[in-house]
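The chain contents come next:
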Amino acid sequence: MKISNFRTTAGILLSLLACMTLLPPMASPVEAVTGTPAAVTVDPETKKIHITADRLISNTADNNAEFIGNVRAKQGETLIIADSLKIFFSGGSEAGSDSPAQSLKKLVATGNVEIKFDNRLAVARQAVYITAQRMLILNGPGAMVTSGDNTITGETITFYRDDGRFTVEGGSNGRVNAVILPEESGLE
């Protein structure tokens, strides 16, 4: 292993840019009413990713890089906090023209993981994002997602970005727990 150079770090940052959009963006007011996306002007400042960690280790032979210690990765309003953030790349592109961002295979955040986005907070021992399947997996006892007053807890929570569904498993030592504050009267 070697400490990364500027070129490797730039590739890692491009890859992180591709994977920081782990969760679907909120609909604009126009899209929410009409179902048609509105034209959006993106501020370049919101696209920038700011990462801080105690150290960065790049292993080009094994196609991975890891930010270690007090990791904070922020893009716009999305924030990932973890003890470690490891990025896995594919071995190379068949076309030979893919950027490092396109060759990202997997992102793994480990230890005291918190992902803050919109009005949501995801907490787990480990979070894994698999780019090919556009799937986010939260692992560990007490893995939890909170949105406003609503909370879901289990040992494994899996989000499927393409269709917006999720599964929650309680694991061998527990059950799934959900606290839902309905807008209407609920079960009454």
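Look up: the structure comes first, before these words.
Residues numbered from 1 in each chain as written. Predicted model: local features only at pLDDT ≥ 70, side-chain atom pairs only at ≥ 80, totals over all residues. Heavy atoms only, no water.

A. The overall build of the protein, seen in detail. Within the protein one finds three helices and ten strands. The helix and strand sequence of the protein, counted from the amino end, reads α-α-α-β-β-β-β-β-β-β-β-β-β. Looking at the protein residue by residue over its 188 residues, the buried ones come to 35%. (Helix = DSSP H or I, 4+ residues; strand = E, 2+ residues; numbered from the N terminus. Buried < 20%, exposed > 50% of the residue type's maximum accessible area, 1.4 Å probe, protein only.)

B. Fine view of the packing of aromatic side chains. A full pass over the atoms with the stated rule returns one aromatic pair. Between phenylalanine 159 and phenylalanine 166, the ring centres sit 6.1 Å apart and the planes meet at 45 degrees, which makes this aromatic pair tilted. Overall, the relative accessible area of 18% leaves phenylalanine 159 in the buried class. Over the ring of tyrosine 160 we find arginine 165, and its NZ or CZ is 4.0 Å from the ring centre. (Phe/Tyr/Trp six-rings, centres within 6.5 Å; stacked < 30°, edge-to-face > 60°. Lys NZ or Arg CZ within 6 Å of the ring centre and 35° of its normal.)

C. Focus on the nonpolar core. Judged by nonpolar contacts, the single largest core of 30 residues is most densely connected at Ile115, Leu138 and Ile157. Looking at this core, the elements with two or more residues in it are β1 (49-52), β3 (64-75), β4 (78-89), β5 (104-117), β6 (120-130), β7 (135-147) and β8 (150-160). Beyond its immediate chain neighbours, meaning those up to four positions away, isoleucine 157 contacts Leu136, Ile137, Leu138, Ala143, Met144, Val145, Ile152, Thr167 and Val168. (Core = buried A, V, L, I, M, F, W, Y, C linked by side-chain atoms within 4.5 Å. Contact = heavy atoms within 4.5 Å.)

D. Inspection of the pattern of salt bridges at higher detail. In this structure the tally under the stated criterion is three salt bridges. Across the pair lysine 116 and glutamate 114 runs a salt bridge, and its minimum N-O distance is 3.7 Å. Overall, lysine 116 belongs to the partly exposed group, its relative accessible area being 34%. For aspartate 162, the salt bridge identified is with arginine 134, shortest N-O distance 2.5 Å. Note that aspartate 162 is positioned in the loop between β8 and β9 (165-169) and arginine 134 in the loop between β6 and β7, a separation of 28 residues in sequence. You can call aspartate 162 exposed: its relative accessible area is 59%. (Salt bridge = Lys/Arg side-chain N within 4 Å of Asp/Glu carboxyl O.)

E. Broad picture of unusual backbone geometry. Residues other than glycine seldom take positive phi values, yet asparagine 63 does so here, at roughly 55 degrees. Along the polypeptide, asparagine 63 turns up in the loop between β2 (55-59) and β3. A residue is classified by how much of its surface remains accessible, and asparagine 63, at 26% relative accessible area, is partly exposed. With a phi close to 50 degrees, asparagine 112 is a non-glycine residue in the positive phi region. Residue placement: asparagine 112 occurs in strand β5.

F. Summary view of the pairing of β2. With four of five residues buried, β2 lies mostly within the body of the structure. Bridge analysis of β2 against β3 gives five bridges, and the strand direction is antiparallel. Opposite serine 58, over in β3, you have alanine 65 as the bridge partner. Taking the residues that link successive antiparallel strands as the turn, the β2-β3 hairpin has four residues, and the phi of asparagine 63 there is positive, at about 55 degrees. (Pairing = 2+ DSSP bridges.)

G. The arrangement of the environment of arginine 55 in detail. With respect to the element layout, arginine 55 can be found in strand β2. The class for arginine 55 is partly exposed, based on a relative accessible area of 47%. Sequence spacing of arginine 55 and asparagine 70 is 15 residues, and the spatial spacing of their C-alpha atoms is 9.2 Å. Beyond its immediate sequence surroundings of up to four residues, arginine 55 is in contact with Glu66, Phe67 and Ile68.

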